[in-house]
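# A look at the structure
Chain by chain, the residues run as shown.
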2 protein chains.
Amino acid sequence: MAKKEKQFVAEITPMEVDFAQWYTDVILKTDLVDYSPVKGFMVIKPYGYAIWENIQQYMDKRFKETGHKNCYFPLLIPESLLKKEAEHVEGFAPEVAWVTHGGQEELAERLCVRPTSETIICEMYSKWLKSYRDLPFLYNQWCSVVRWEKSTRPFLRTSEFLWQEGHTLHETYDEAQGETLQMLNIYKETAEELLAMPVVVGQKSDKEKFAGAHATYTMEALMHDGKALQAGTSHNLAQHFTSAFDITFLDRDGELKHPYHTSWGVSTRLIGGIIMVHGDNRGLVLPPGIAPVQTVIVPIAAHKGGVMEKVDELFRELKDTMRVEVDDRDNYSPGWKFNEWEMKGVPVRIEIGPKDIENNQAILFRRDTLEKEVVALDEVKERVGVLLKEIHNNLLLKAKNMRDEKTYYIKSFDEMKGIMETKPGFVKAAWCQERACEDKIKAETGASVRCIPFEQEKLGDTCPFCGKEAKIMAYFAKAY
Amino acid sequence: MAKKEKQFVAEITPMEVDFAQWYTDVILKTDLVDYSPVKGFMVIKPYGYAIWENIQQYMDKRFKETGHKNCYFPLLIPESLLKKEAEHVEGFAPEVAWVTHGGQEELAERLCVRPTSETIICEMYSKWLKSYRDLPFLYNQWCSVVRWEKSTRPFLRTSEFLWQEGHTLHETYDEAQGETLQMLNIYKETAEELLAMPVVVGQKSDKEKFAGAHATYTMEALMHDGKALQAGTSHNLAQHFTSAFDITFLDRDGELKHPYHTSWGVSTRLIGGIIMVHGDNRGLVLPPGIAPVQTVIVPIAAHKGGVMEKVDELFRELKDTMRVEVDDRDNYSPGWKFNEWEMKGVPVRIEIGPKDIENNQAILFRRDTLEKEVVALDEVKERVGVLLKEIHNNLLLKAKNMRDEKTYYIKSFDEMKGIMETKPGFVKAAWCQERACEDKIKAETGASVRCIPFEQEKLGDTCPFCGKEAKIMAYFAKAY
Ligand SMILES: [Zn+2]
Ligand SMILES: [Zn+2]
């Protein structure tokens, strides 16, 4: 490593030394995000926001292909509405921001800034729904929500975050359940096909489910430090809210009924997941699907005759099929630029200098493996296209291997304690499914039930934590 | 008019009878919007939101083509930041919503829900800007803002609305002025090329400019009822905020300087403009560029053999080049559907029944002129493509003619009073440009200075309102 390069990389704390500091260094140095003057609120800078736009674009298309339409519901929710569903208010009231004054006047009823929109949306749905012919309602909104958090970290847990929230109504329980699982599956495919982030999917325990849900389904990803990240949830709300809000429809049989209800959401938290699954000690490693810059062209000896002409030619050749940029800044050396773009996680770098032009070639560098290759100039476009796919596949494979290495089966509570203390990761175990047992595991190891996976394995007849009869197998982990 | 059709149309109050009621009827009957439980807050329903998405998509592309990037700043702004720029706080403090409690605790400093984001953005820019090499900053955000309004009407004036706000920093005054006018021009092109809505562009009077601006530029459209709508504004903020927030950069000459600053925004108010410029007594007339459904195919005698096959074939032929839908509902007659889609403003309707199929033809209906034509089936795709362009051009022309018919030159205050009482519209007049005169015009006629247009005309040497020397010519109107 050259001296200059070392200095550059030295600005990022190695993840083995302090993972939390590594994360903070990476997000700040790469201009993804900044702290705002309001504690717990983040500013998403252009480089971070462009990642979110790429996620939005992919997901919005998936939502629309499955019949969903976007709409927009108010930011502020009257306290009386928040209180209508008992479990829901209990879960959310302690962490909402309250508006008490509008203009110069004190409000007769205080309004909360939406922490999630089930209540205001159900209030509107109760006005809109008349007949079974109107069903299903398949609506989604992209917005920001506020949850007053005591301890925050950008992207992972902030008092305000951006997300999408889908809210649907259906004629039958089965249809609602089908929707809940369909959306979870779209989330899973987004994680794997766009973000190269493998996930475990399954159901939340009663303790961990959404406040007011009949059943919550989740996708859980494992980070480099062995902690799990809940990366998206889909809730079957059954008739909990539709009866509390008295939403009814005239069914085929002439009876008035409450419809079945789902909600589902993913947030800017996904960006935190991308960073902690793929990043390394040089900084970000971005999956090509969401990288704001997929390919950067760095000219070498740009002042020499013919270099910038060739760079411009290549840029024009690539720009319609990928997000490509030319780094033509004249106040930085090529070496400095290489380091900066590596830190920023750009999947492919193209280097072109006078000697390359002489040899009718360019040098391609891939961020995931740090390997270089020489490619004939007229093959660059095709090769970069292939490389971007290869990089995605390699990142997904590496992340799967990392997860599998950090996934353990355990047969005893002591084994579990040892793992959580020394080499945290996913722990698979048979489980009694009882709340008291779950609380004890959390208290003694810091791990929670991440999910009861759809892919059940037979791991034993007895709960290793309490000795009672095991009912299912579950994934346990410390979590963000 | 058939009896059924009459009943359908009868649900909308004619605009000549009561324009405000016509507007309310149209927006509610066509499912653009609904009232929420919080006074002054609206719900944007899928049909209305789809229009906003089409506007966003077009504008976002224009912003990015001119070098702007999106980002996201916090929803809540500390009161101390709002107060930093004196004119700004005076303008906005009376109409903001205040968050006083987070979770269970009262906040040490209250936070306002952003009414606009100059203050929080300048606070961040002061951390980010170091050198002239960092300039320009060209950032934009799409978000919602809250302004506590006493009297509200969906899209036109609501306590919460969706918008984009661009915020840029530049090395020189001239560059900031160039940016201000460039963005106003993009707004003007959006209005005319996407929304078919002609606008007058020019500068706001000192009274009407943005709180804290050096100069505000605006585009003003004229509605069917002769009232003006401020449809987008672009502000040259000079160094008002950058000095208040102590934003500095090291310039080429080694001196620390305050950069020059602009901001610019359009909002969901544009949707109100589209409705009031193009709509008629049957309901919406949507410009093709933003119509959620550009073409609807209505099968006639859908149960007859071959009809749905032909409809599906046509749908598949059209769907890649336009937003097309098939109305295959079996519980409504074709006539009912015709009326509903006309009310919803869909630019082109295609009717196909057994007789049409026999004759290898379809019937095309255009919403703007209510004309029908018969077209050979294999020419439908090409013809509809042409029709959509024709409809746009015709809507723009009609709106220009409407505006010109309602635009008056006046030579005396009495003339002005008569016009505002009997046939409101744009009034062009020479003007002294004095605040006292402006206040008097407003008090006695209800009209305000809409703008001092870039296209100045010589209308006289004396201000017709006060008799002083005229300095410029201005547009006056009653306004939303
Ligand atoms: Zn147990
Ligand atoms: Zn005057």
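Note that the structure is predicted; figures quoted are calculated from it, not measured.

About the cut-offs
- Residues numbered from 1 in each chain as written.
- Chains lettered and ligands numbered in written order.
- Predicted model: local features only at pLDDT ≥ 70, side-chain atom pairs only at ≥ 80, totals over all residues.
- Heavy atoms only, no water.
- Donors = N, O, S within 2.8 Å, 3.2 Å for Na, K, Ca; no water.
- Tetrahedral: all angles 85-135°; square planar, octahedral: opposite > 155°, others 65-115°.
- Contact = heavy atoms within 4.5 Å.
- Buried area = accessible area lost by both parts, 1.4 Å probe.
- Salt bridge = Lys/Arg side-chain N within 4 Å of Asp/Glu carboxyl O.
- Polar contact = N/O pair within 3.5 Å; in protein donor to acceptor, adjacent residues only side chain to side chain.
- Helix = DSSP H or I, 4+ residues; strand = E, 2+ residues; numbered from the N terminus.
- Pairing = 2+ DSSP bridges.
- Buried < 20%, exposed > 50% of the residue type's maximum accessible area, 1.4 Å probe, protein only.
- Lys, Arg positive; Asp, Glu negative; His and termini not counted.

## Some remarks on the coordination of the zinc ion (ligand 2)
- For the zinc ion (ligand 2), every protein donor is listed as Cys432 of chain B (SG), Cys437 of chain B (SG), Cys463 of chain B (SG) and Cys466 of chain B (SG), and the spread of their distances is 2.3 Å.
- Relative to the metal, the four donor atoms surrounding the zinc ion (ligand 2) lie at angles of 105 to 117°, and the coordination shape comes out tetrahedral.

## Considerations on the interface of chain A and chain B
- In this complex, chain A contributes 56 residues to the contact, which on the side of chain B involves 56 residues.
- Roughly 4,400 Å² is buried in total at the junction of chain A and chain B, and carbon and sulfur atoms are behind 64% of that figure.
- Our count for the contact surface shared by chain A and chain B stands at six salt bridges.
- Between lysine 127 of chain B and aspartate 34 of chain A there is a salt bridge; the shortest N-O distance is 3.3 Å.
- Inspection of the region where chain A meets chain B yields 24 residue pairs in polar contact (both at pLDDT 80 or more).
- Broken down by element, the residue count for the side of chain A that touches chain B peaks at six residues, all from strand β5 (residues 97-102) of chain A.
- Taken together, the five bridges between β5 of chain A and strand β5 (residues 97-102) of chain B define a ladder with antiparallel strand orientation. Note on β5 of chain B: the bridge partner recorded for alanine 97 of chain A is glycine 102 of chain B.

## What to know about the coordination of the zinc ion (ligand 1)
All names here are of chain A.
- Taken together, Cys432 (SG), Cys437 (SG), Cys463 (SG) and Cys466 (SG) make up the protein donors of the zinc ion (ligand 1), found 2.2 to 2.3 Å from the metal.
- Of note is the zinc ion (ligand 1), whose four donor atoms meet at the metal with angles of 104 to 119° in an arrangement that counts as tetrahedral.
- Mapped onto the sequence, the residues coordinating the zinc ion (ligand 1) show the spacing C-x4-C-x25-C-x2-C. With cysteine 437 in helix α15 (residues 435-445) and cysteine 463 in the loop between β22 (448-453) and β23 (472-477), this pair connects stretches of sequence that are 26 residues apart.
- Cysteine 437 gets classed as buried once you look at its relative accessible area, which sits at 7%.

## Some words on the side chain of glutamate 438 of chain A
All names here are of chain A.
- Mapped onto the secondary structure, glutamate 438 falls in helix α15.
- This buried residue, glutamate 438, is left without a salt bridge; arginine 435 holds the nearest opposite charge, at 5.0 Å.
- For glutamate 438, the residues in contact, after removing those within four places along its chain, are Ser205, Lys207, Glu208, Trp431 and Val449.

Any functional reading would require information beyond the geometric quantities listed.
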